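# Inside the fold
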Amino acid sequence: MVDENEKQERFEECIMPHMDSAYNLARWLAGKDQDAEDIVQDALLRAFKFFGGFRGGDGRAWLLHIVRNAFYDWLHQYRREEQFYEFDENLHHPDTQSDAPDAALIRKADTRLVREAIQRLPLESREILVMRELEDLSYREIAEIANVPIGTVMSRLARAREQLRHHLLAEMQQEKKLA
Amino acid sequence: MNCGDFSELIHGYLDKELDLGRGLEMEEHLKNCPACSGAYEEQQALQSLLHKGALRFEAPGSLRRRVRASLREASQVEATRSVWTGPWYRLWAPIGVIALVLILALVYVRPSAEDPVSGQIVAAQHQSLQAGRLTEVASSDQYVVKSWFYRKLGFSAPAVDLAAHEFPLLGGRADSIDNHPVAVVVYHYQQHPVSLFVWPLKGAKSSPEKGLRRQGNNLVHWTQSGLNCWAVSDVPQANLRKFVRLVQDLGYSSDYLPKGTNQFYRY
């Protein structure tokens, strides 16, 4: 009983403060509030059950690893892959020649457009961008969370940012045409 | 190096993740190359857009309450169970000792019953090698392999691509050992197949790995998170042990149990 109380206290101290990070990742991956809440609840229960295996250190990275696993299990369980892997020809072969680097134009994009552009990214790109830019995780932490070598983190991030930039410029052009 | 080599490194530079030498090289290149410095500036603009954009979602208060409630419930289940592992267990200890003596006696009286599981595993491995049917699902993508197991068997197994550690993932197949449906995850080590036989074992306590040799094969057996695990291969015992440690560290077996039964297993 004493052990159980101690475990709860330690869990409250090391893991619970990272609930926002857990929700942020789950929400960006799943795309809907309710689904993200279910995934986070599942992940925290798993984390609590296997808290004995947590060797100290960074509780956030440990929790995010579990959140990511919980998300992919949820995805496979409900076979919702289709909606997540829509193939976008433009995205896979961005016509980089036509849009030369334009930092000034990028700076003008508003939050809504950025949000939409991220949401349209393929899962692999979206998760790496969220981990790097919104959670401010290092390459090493991301490599551990996503079970990939560090070199892969950099190349995925390069691809993700290129896709995001391409999407954003395309959306800005679209808005301009409509205006 | 030409600009192509720098296109990825720009990102490492932006995130301050390059080592000193590469960082300096990048700095030098950016000074002299308008195309790369334009691209870099644009990525900087994109990054600051992401940072200042209030794009982070925050967990709603209702979720916090829901999670705390379900954690309390889970910990009550644990507390009830700890009655059986608490002081009460002393009552059970003598009974356990007697049972152990009986079991040992049985094992020694019946010398033919020598660990049938390892024999079955070696036989299953040989059979699949001879039939050229190592994998039913061939993929190095852990999610493809994991979800195939889920669909086929209702539980999954530590399928992680360990290519970076010289054990690339080949795929998986379903088999049967000791009348249990078993997930077999197949890896490669220098062209030698390394198979990992896994099945859930209710109430199994975690046990450290134990190596043995049988008919020219090395085996390592352990249980973890309610999963019974056997690694088998013709690679040397030391390499097989290295493989086992990788699986234990990176495999996260807690996620592989059948849905809804997790709570009955203990890490």
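Heads up: the structure comes first, above all this text.
Thresholds, definitions, all that
- Residues numbered from 1 in each chain as written.
- Chains lettered and ligands numbered in written order.
- Predicted model: local features only at pLDDT ≥ 70, side-chain atom pairs only at ≥ 80, totals over all residues.
- Heavy atoms only, no water.
- Helix = DSSP H or I, 4+ residues; strand = E, 2+ residues; numbered from the N terminus.
- Buried < 20%, exposed > 50% of the residue type's maximum accessible area, 1.4 Å probe, protein only.
- Contact = heavy atoms within 4.5 Å.
- Buried area = accessible area lost by both parts, 1.4 Å probe.
- Salt bridge = Lys/Arg side-chain N within 4 Å of Asp/Glu carboxyl O.
- Nonpolar A, V, L, I, M, F, W, Y, C, P; charged D, E, K, R; others polar.

## Quick word on unusual backbone geometry
Its identity as a non-glycine residue notwithstanding, N147 of chain A has a phi of 55°, on the positive side. With respect to the helices and strands, N147 of chain A occurs in the loop between α10 (139-146) and α11 (150-178). Positive phi, normally seen in glycine, also occurs at Q190 of chain B, with a value near 45°. Take Q190 of chain B: it is sitting in the loop between β3 (180-189) and β4 (192-200). Residue Q190 of chain B is classed as exposed on the basis of its relative accessible area, which comes to 53%.

## What to know about the interface of chain B and chain A
Many analyses report the size of an interface as the accessible area lost when the parts associate. Contacts between the two partners involve 57 residues from chain B, matched on the other side by 67 residues from chain A. A combined buried area of about 5,800 Å² lies between chain B and chain A, and 58% of that area is made up of carbon and sulfur atoms. Here R161 of chain A ties to D15 of chain B by a salt bridge, and the two come within 2.9 Å at their closest N and O atoms. Going through the elements one at a time, α1 (3-14), α3 (34-52), α4 (61-85), α7 (142-153) and α8 (237-250) of chain B are the ones with two or more residues in the side of chain B that touches chain A. For the side of chain B that touches chain A, the element with the highest residue contribution is α4 of chain B, accounting for 13 residues. In the side of chain B that touches chain A, the residues fall into 25 nonpolar, 16 polar and 16 charged.

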